[in-house]
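Notes for the structure review
Listed here are the chains, written in short residue letters.
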Amino acid sequence: MALVALGNLSLVLFDITYVPGRDFYFRQVPVLTQVYDPFKGIKPHRDTQQYLETLEELKIQVVQTGLPSPQVAAKLQEINNLSAKMIDEDPFRVASKSGTLEKIKDRMRDRVPNPQDSAKQSFQRFWSQDYLNKQGWQKEIKWFDAKIKPLIATNYYREIGENGEFIDNFWQIDLPFIAIFAIEFLARTYLITRRHRSVTWRAAMLWRWYDIFLLLPFWRLLRILPVTIRIHQAKMPDLQPIRSQISRGFVANFAQELTEVVVIQLINQMQQSITTGELARQLFQSKKQRYLDINNINEIEAIATHLVQITVYKVLPQLQPDLEALLRYNIESFLKQSPLYQGWKQVPGLGNLPEQLAQQLVAEISKLVTLGPQDAYEAFKIASEDPISIKLSSQLVQHFGQALGTELQQQQTWQEIQLLLCDFLEEFKINYIQRLSEEDFEKILEQAKELQRIAPR
């Protein structure tokens, strides 16, 4: 069936190109034009056909009576009249071949020039006993048969039907193929319904939607789609490499603009959610807001709680030695730099730390714990200038990352996080994807163009 479809498509392409390429077929495969012309309503044009018949009669008369005879003169006058009529009435116009007539006129003017550069005078001079006798009958008629006669012979008349369009009986050739494709389409779709009980016959027809183009007597070029699919399915040849290459080229040209549009859509949604406060309401979900929940769980809150529990109960205990080392070093550094500590060293009989020093130490630790983010950052910057502090901090961060990663990779922990994330994404799809389709695409494309103008590639 792939071969049959390919053959039918070849006939369709031949039919579409037949009229524009008829001159080629007429010269190279004249038998083909004799067979196919009736399907396109093509017949020899009476005027140009009469011209060629008169030319043949002239040749016979010259052979019988010689060039200077009165019979030849009469034929030359007749063919001269036909030449003038051909120029005046343009019988090539019906076949949209007026350019062929212009080519004939140009060649005649080049062959027989005249002061007025008139094609009629060139024909009149050419078809005269005086010119043909002087230039040589055999040479001139040979030139005419090679340069002018084939152009005249390509002209034709095409019949027009009652609908005002040219006669086109290609349907007579195409109808048997359409019948074959229709029978096959019904058989294939029926077989699909037998193999898949849940599929109705109508759904099976939609399943093979591309085969419908083989059944249409119009828009025949669309048959290239089902033919290509059938050839690919039959692997004659396998079109997968070509398909992959075309897909890569399409994606390469389309991906950047598509990505810009998608990203702008997502940013617009996030901006709208932030501006309206919807994002905060979703993160700290209220029972009063309209939000479709599938499991009555706030996944963001559950995930955050889970991470905090892992950090507090499983990760931080493993970091106790590193924390103690870092705190010990910082406290010792603080005490050594404290003026009170320097005075305490000079007191004979070392005993317990004075209560004032302990209170100051507690105050410093309390201040360190209660510092705001900016003060804490400044304090950490000052402390980080010490090489030993840098080493201990790096060690703390490294061990923290290793311990957190190890605990998150525990099967039970990861499964719980996965379930919560999947539920959250499912809710996100249900609640937000519909909004993406409602975005004003023209506005988004305009924003993308504006971004390209501001930051050109």
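Only a predicted model underlies this, so the values are computations on that prediction, with no experimental measurement involved.

Some details on the overall build of the chain
Broken down by element type, the chain carries 23 helices and two strands. Counting the 457 residues in the chain, one finds 30% classified as buried. Contacts spanning at least 24 positions in sequence make up 63% of the contacts within the chain whose residues lie at least 6 apart. Summing over all exposed atoms, the chain offers an accessible surface of approximately 30500 Å²; the carbon and sulfur share of this is 60%.

What about the nonpolar core?
Of all hydrophobic cores here, the largest spans 31 residues; its most connected members are Y51, F123, F126, W127, F144 and I152. Going through the elements one at a time, α4 (46–65), α5 (70–89), α6 (98–111), α7 (119–126), α8 (129–135), α9 (137–147) and α10 (149–153) are the ones with two or more residues in this core. Looking at which element gives the most residues to this core, the answer is α5, with six residues. Excluding residues that lie within four positions of it along the chain, W127 makes contacts with Y51, L55, L58, L76, I79, N80, S83, L132, I141 and F144.

A look at the environment of T154
Relative to the helices and strands, T154 resides in the loop between α10 and β2 (157–158). Given a relative accessible area of 2%, T154 falls into the buried group. Remark: the alpha-carbon pair of T154 and R22, spanning 132 residues in sequence, is separated by 8.1 Å. Those residues in contact with T154, other than ones at most four positions away along the chain, are R22, D23, F26, R27, K97 and T100. A distance of 2.7 Å separates a polar atom in the side chain of T154 from the backbone oxygen of L151.

A few points about the pattern of salt bridges
All told, the structure shown has 23 salt bridges when counted by the stated rule. Across the salt bridge formed by D23 and K97, the nearest N and O atoms sit 2.7 Å from each other. With D23 in helix α2 (residues 22–28) and K97 in the loop between α5 and α6, this residue pair connects regions lying 74 residues apart in the sequence. Since its relative accessible area comes to 9%, K97 is described here as buried. Of the charged contacts in the structure, one is a salt bridge between R230 and E184, with a shortest N-O distance of 2.7 Å. One end of the pair, R230, is in helix α13 (residues 224–234); the other, E184, is in helix α11 (residues 171–195), with 46 residues separating them in the sequence.

Things to note about the confidence of the model for the chain
Mean pLDDT for the chain: 76, with 59% of residues reaching 70 or above. Low pLDDT, under 50, characterises residues 350–356; the stretch is placed with six contacts to residues that sit more than four places away or in other chains. Here residues 365–378 is modelled with pLDDT under 50, and outside its nearest four sequence neighbours on either side it reaches three contacts, counting other chains as well.

Things to note about the packing of α6 against α9
At a closest axis distance of 12 Å, the pairing of α6 and α9 adopts a crossing angle of 155 degrees. Classified by the angle between their axes, α6 and α9 sit roughly antiparallel to one another. Helix-helix and strand crossings are classified by hand; for α6 and α9 the assignment is right-handed. Judged by residue contacts, R107, M108 and R111 of α6 engage K139, E140, W143, F144 and K147 from α9. Considered class by class, the residues forming the contact of α6 with α9 number three nonpolar, no polar and five charged.

Structural notes on α4
With 20 residues, α4 should reach 28 Å at 1.5 Å per residue; the first-to-last C-alpha distance of 28 Å fits that figure. Listed as buried for α4 are T48, Y51, L52, T54, L55, L58, K59, Q61 and V62. Next to the buried residues of α4 lie α5, α7, α9 and α10. Following α4 by one or two positions, G66 has its phi on the positive side, about 90 degrees.

So, the environment of I16
Topologically, I16 is positioned in helix α1 (residues 2–18). Among the residues examined, I16 registers a relative accessible area of 43% and is labelled partly exposed. Between the C-alpha atoms of I16 and F170, which are 154 residues apart in sequence, the distance is 9.8 Å.

Digging into the side chain of N8
The residue N8 is located in helix α1 in this model. For N8, a relative accessible area of 1% puts it in the buried group. Polar side-chain contacts of N8 include one of 2.9 Å to the side chain of D174. Polar contacts involving the side chain of N8 include one to the side chain of R223, which spans 2.6 Å. Beyond its immediate stretch of four places on either side in the chain, N8 contacts D174, F177, F181 and R223.

Comments concerning the packing of aromatic side chains
Scanning all chains against the criterion turns up 16 aromatic pairs. With centroids separated by 5.0 Å and ring planes inclined at 70 degrees, the aromatic side chains of F14 and Y36 adopt a geometry described as edge-to-face. Separated by 22 residues along the polypeptide, F14 in helix α1 and Y36 in helix α3 (residues 30–36) bring together distant segments of the chain. For the pair shown, F14 and Y36 are each scored as buried. Taken together, a centroid distance of 4.9 Å and an interplanar angle of 85 degrees make the contact between F126 and W127 edge-to-face. One exposure class covers both F126 and W127, and it is buried.

The rules behind each value
- Residues numbered from 1 in each chain as written.
- Predicted model: local features only at pLDDT ≥ 70, side-chain atom pairs only at ≥ 80, totals over all residues.
- Heavy atoms only, no water.
- Helix = DSSP H or I, 4+ residues; strand = E, 2+ residues; numbered from the N terminus.
- Buried < 20%, exposed > 50% of the residue type's maximum accessible area, 1.4 Å probe, protein only.
- Contact = heavy atoms within 4.5 Å.
- Areas by Shrake-Rupley, 256 points an atom, 1.4 Å probe, with all protein chains shown as cover.
- Core = buried A, V, L, I, M, F, W, Y, C linked by side-chain atoms within 4.5 Å.
- Polar contact = N/O pair within 3.5 Å; in protein donor to acceptor, adjacent residues only side chain to side chain.
- Salt bridge = Lys/Arg side-chain N within 4 Å of Asp/Glu carboxyl O.
- pLDDT = per-residue confidence, 0-100.
- Axes fitted to C-alpha atoms, helices over the stretch in contact; angles between N-to-C directions.
- Parallel < 35°, antiparallel > 145°, perpendicular 65-115°, else oblique.
- Left-handed = near helix turned anticlockwise from the far one by under 90°.
- Nonpolar A, V, L, I, M, F, W, Y, C, P; charged D, E, K, R; others polar.
- Expected span 1.5 Å × (residues − 1).
- Phe/Tyr/Trp six-rings, centres within 6.5 Å; stacked < 30°, edge-to-face > 60°.

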